[in-house]
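Chain residues, written in single-letter form:
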Amino acid sequence: MARRVDSHTLKGMLLRSNTRLLLTSVMLLQFTALLLLSFKRDPIDAQALVMSLLLPGLTWGVVNLYGKLWQVDRALLILVMLLCSVGLITLQDIARAAITPLNQALFVLMGMVAMAAGIVLMRRLRRWDRWQPFLMAGAALFLLSPLVIGEWNNGAKNWIKLPFVNQSIQPSEFVKPLLIVVLAGGLAGRPRFWKCLPALAFAGGLCALLLLERDLGALLIYFLTTVAVYYAATSNALVTLFGLGIGAGGALIAYHAFPYVQKRIEMFINPWSDPRDSGWQIIQALISIGSGWLFGMGLGLGYPRNIPLYHSDFIFAALSEEFGLIFALMLLVVYLLIVLRGMSVALNARTSFHALTALGVVVLLGVQAFINVGGNIKMIPLTGVTLPFISAGGSSMVSMCLSFGLLLGVSSINAHDEADDLTRMTWREAGG
């Protein structure tokens with residue numbers, strides 16, 4: 001047994017060494033990039049200079065604090081901090097009137113608090129089934145609010161303005177973690193199909209509300225996440241295929257019912273048919289990506305602000321122009337590593353609820369990243385979703401961090417369970 005303990009200890013030491021190297025590399029990137037941007041302007045950009053010190057400090061503090069308090073997966077947390085840093089660095093360079101880098105930094109801070117809340121909730125709440133009806137009712141009412149008090153924005157009625165402050169929020173973003181928890185709770189334990197109906201009906205109702213709000217990007221994310229979690233929970237290929245068929249039929253109906261959907265499909269096929277209006281976004285995005293080529297035009301160079309919504313929906317095209325295609329591909333690798341590491345967390349979970357929660361988070365992240373990048377490079381039609389952890393905006397940042405906190409909470413529970421198993425094996429081997 002001594003060999004087992006020594007092997008486990010050695011594995012832990014190697015893992016901590018690797019995460020320290022990864023953390024140091026991320027902090028070095030943060031410091032050098034922001035320091036470069038601070039000296040790019042005349043006079044010196046004081047905000048970038050201060051952030052070049054504060055951002056590495058925040059990263060070091062969050063990773064070490066969360067790791068010591070809850071034994072979360074540090075590699076996952078560092079990779080997320082890397083994505084947040086890329087977003088802050090890019091916005092520090094290109095953001096102007098749309099959103100200031102200081103605002104985004106505050107959103108990142110709020111996201112870290114939301115992430116901690118997600119970890120605590122996942123660790124502390126053991127009887128999620130008691131809260132299911134309240135979560136379902138709250139999510140439905142919150143998602144319904146834009147239809148009542150919301151405002152139209154880019155063809156969708158999915159925003160509500162907060163009273164007394166000059167800020168708007170997107171309810172569909174904050175409902176995402178609620179959807180994951182409700183699906184995991186309703187589908188845990190490989191239930192029979194009729195026991196799955198409340199959770200599936202809940203997800204279907206949310207998709208119907210999103211259709212009424214014409215928020216088709218969020219609708220696609222909700223739908224694919226639901227299908228993936230259902231199949232993982234039940235292995236029922238027939239019902240899963242039937243659900244995908246319903247989704248395909250709904251997409252066809254939406255195409256014929258909404259003229260703006262038809263326009264987006266047309267611009268996806270041939271944006272040059274209307275280069276000064278509807279096709280302007282995708283054309284400018286492709287020009288920016290092509291201008292960056294392999295190594296980019298350089299931090300602070302290029303013209304990414306020619307792209308509409310360069311700070312949110314098209315930030316991938318903007319950073320591709322400045323950092324180059326190689327860097328952009330490495331970002332996609334980071335997303336892939338997060339998904340694979342999250343899948344490992346799901347596979348190591350001891351309960352089906354925790355496993356499905358972890359799976360739901362990584363599917364949500366992967367689908368949203370694919371939809372955003374696919375729209376930027378003209379692989380799929382534009383849908384208006386943000387790039388997780390990188391795009392500007394508080395709703396997306398806080399919601400995604402809260403969802404990721406649930407995943408880190410599951411990783412913390414896994415680490416605790418593994419430590420208990422090792423303690424019991426050591427006790428038994430010692431004759432206890």
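Use the structure listed above.
Definitions and cut-offs
Residues numbered from 1 in each chain as written. Predicted model: local features only at pLDDT ≥ 70, side-chain atom pairs only at ≥ 80, totals over all residues. Heavy atoms only, no water. Helix = DSSP H or I, 4+ residues; strand = E, 2+ residues; numbered from the N terminus. Buried < 20%, exposed > 50% of the residue type's maximum accessible area, 1.4 Å probe, protein only. Contact = heavy atoms within 4.5 Å. Areas by Shrake-Rupley, 256 points an atom, 1.4 Å probe, with all protein chains shown as cover. Lys, Arg positive; Asp, Glu negative; His and termini not counted. Charge placed at Lys NZ, Arg CZ, Asp CG, Glu CD. Patch = residues over 30% accessible without salt bridge, like charges linked within 9 Å, V, L, I, M, F, W, Y side chains within 5 Å. Salt bridge = Lys/Arg side-chain N within 4 Å of Asp/Glu carboxyl O. Expected span 1.5 Å × (residues − 1). Axes fitted to C-alpha atoms, helices over the stretch in contact; angles between N-to-C directions. Parallel < 35°, antiparallel > 145°, perpendicular 65-115°, else oblique. Nonpolar A, V, L, I, M, F, W, Y, C, P; charged D, E, K, R; others polar. Phe/Tyr/Trp six-rings, centres within 6.5 Å; stacked < 30°, edge-to-face > 60°. Lys NZ or Arg CZ within 6 Å of the ring centre and 35° of its normal. Pairing = 2+ DSSP bridges. Disulfide = S-S within 2.5 Å. Core = buried A, V, L, I, M, F, W, Y, C linked by side-chain atoms within 4.5 Å.

## As for the overall build of the protein
Here is step 1 of the chain: Scanning the protein from terminus to terminus reveals 15 helices and three strands.
Here is step 2 of the chain: Taken along the three principal axes of its C-alpha coordinates, the protein extends 80 × 55 × 45 Å.
Here is step 3 of the chain: Split into buried and exposed, the 432 residues of the protein put 48% on the buried side.
Here is step 4 of the chain: Taking the intrachain contacts of the protein between residues at least 6 apart in sequence as the baseline, contacts between residues at least 24 apart amount to 72%.
Here is step 5 of the chain: Just so you have it, the protein exposes about 20,700 Å², and 68% of that area is on carbon and sulfur atoms.
Here is step 6 of the chain: Here the protein contributes 31 positive and 21 negative side-chain charges, whose respective centroids are spaced 8 Å apart.

## Considerations on a nonpolar patch on the surface
Here is step 1 of the chain: Together, Trp 293, Leu 294, Phe 295, Ile 326, Leu 329, Met 330, Leu 332, Val 333 and Leu 337 make up an exposed nonpolar region whose accessible area comes to about 880 Å².
Here is step 2 of the chain: Within the secondary structure, Leu 332 is located in helix H13 (residues 325-348).

## Let's talk about helix H11 (residues 280-292)
Here is step 1 of the chain: Here H11 contains 13 residues, and its C-alpha end-to-end distance of 18 Å stays within 8% of the 18 Å for a straight helix at 1.5 Å per residue.
Here is step 2 of the chain: The inward-facing, buried residues of H11 contact helix H10 (259-269), helix H12 (315-323), H13 and helix H14 (352-376).

## Remarks on the pattern of salt bridges
A side chain with one charge may pair with a side chain of the opposite charge, provided their charged atoms come close.
Here is step 1 of the chain: Summed over the entire model, instances satisfying the criterion amount to three salt bridges.
Here is step 2 of the chain: The shortest N-O distance in the salt bridge between Asp 73 and Arg 341 comes to 2.8 Å. In this pair, Asp 73 sits in the loop between helix H2 (46-70) and helix H3 (74-94) while Arg 341 sits in helix H13, placing the two residues 268 residues apart along the sequence.
Here is step 3 of the chain: Here Asp 73 falls in the buried class, since its relative accessible area comes to 13%.
Here is step 4 of the chain: A relative accessible area of 31% means that Arg 341 is categorised as partly exposed.

## With respect to unusual backbone geometry
Here is step 1 of the chain: Positive phi, close to 50°, is recorded for Trp 293, a residue that is not glycine.
Here is step 2 of the chain: Tracing the backbone through its elements, the reader meets Trp 293 in the loop between H11 and H12.

## Re the packing of helix H8 (residues 216-234) against helix H9 (residues 237-257)
Helix packing for two helices is described by the angle between their axes and how far apart those axes are.
Here is step 1 of the chain: Contact geometry of H8 with H9 gives a least axis separation of 9 Å together with a crossing angle of 170°. Classified by the angle their axes make, H8 and H9 are roughly antiparallel. Contacts between H8 and H9 involve Phe 223, Val 227, Tyr 230 and Tyr 231 from the former and Ala 237, Val 239, Thr 240, Gly 243, Leu 244 and Gly 247 from the latter.
Here is step 2 of the chain: For the contact of H8 with H9, the residue count by class is seven nonpolar, three polar and no charged.

## A word on the packing of aromatic side chains
Here is step 1 of the chain: All chains considered together, the criterion is met by seven aromatic pairs.
Here is step 2 of the chain: Geometry around Phe 268 places Lys 378 over its ring, the cationic atom sitting 5.2 Å from the centre.

## Describing the sheet that holds strand E3 (residues 168-169)
Here is step 1 of the chain: Taken in spatial order, the three strands of this open sheet run E1-E2-E3, and their pairing is antiparallel. Each edge of the sheet is formed by a strand with only one pairing partner; in this case those strands are strand E1 (151-153) and E3.
Here is step 2 of the chain: One ladder, built from two bridges, connects E1 with strand E2 (residues 156-161); its direction is antiparallel. The residue of E2 that forms the bridge with Glu 151 is Trp 159.
Here is step 3 of the chain: Strands E1, E2 and E3 of the sheet are contacted by helix H5 (residues 132-149), whose axis makes an angle of about 95° with E2.

## Overview of the environment of Asn 348
Here is step 1 of the chain: Here Asn 348 lies in helix H13.
Here is step 2 of the chain: The class for Asn 348 is partly exposed, based on a relative accessible area of 40%.
Here is step 3 of the chain: Between the C-alpha atom of Asn 348 and that of Leu 209, which follows or precedes it by 139 residues, the distance is 35 Å.

## Section: the state of the cysteines
Here is step 1 of the chain: According to the stated counting rule, one finds zero disulfides in the structure shown.
Here is step 2 of the chain: Of the cysteine sulfurs around Cys 84, a residue in no disulfide, the closest is that of Cys 401, at 5.1 Å.
Here is step 3 of the chain: By relative accessible area, Cys 401 is classed as buried at 0%.

## Considerations on the nonpolar core
Here is step 1 of the chain: Of all hydrophobic cores here, the largest spans 102 residues; its most connected members are Tyr 66, Met 115, Tyr 222, Ile 338, Phe 389, Ile 390 and Phe 404.
Here is step 2 of the chain: No other element matches the 14 residues that H14 contributes to this core.
Here is step 3 of the chain: Not counting residues up to four positions away in its chain, the partners in contact with Met 115 are Tyr 66, Leu 77, Val 80, Cys 401, Leu 402, Phe 404, Gly 405 and Leu 408.
Here is step 4 of the chain: One finds Ile 94, Tyr 310, Ala 317 and Ala 318 within the second-largest nonpolar core, a separate group that totals eight residues.

## Comments concerning the pairing of E2
Here is step 1 of the chain: Pairing analysis gives two bridges linking E2 to E3, with the strands arranged antiparallel. Paired with Lys 161 across the two strands is Ser 168, which belongs to E3.

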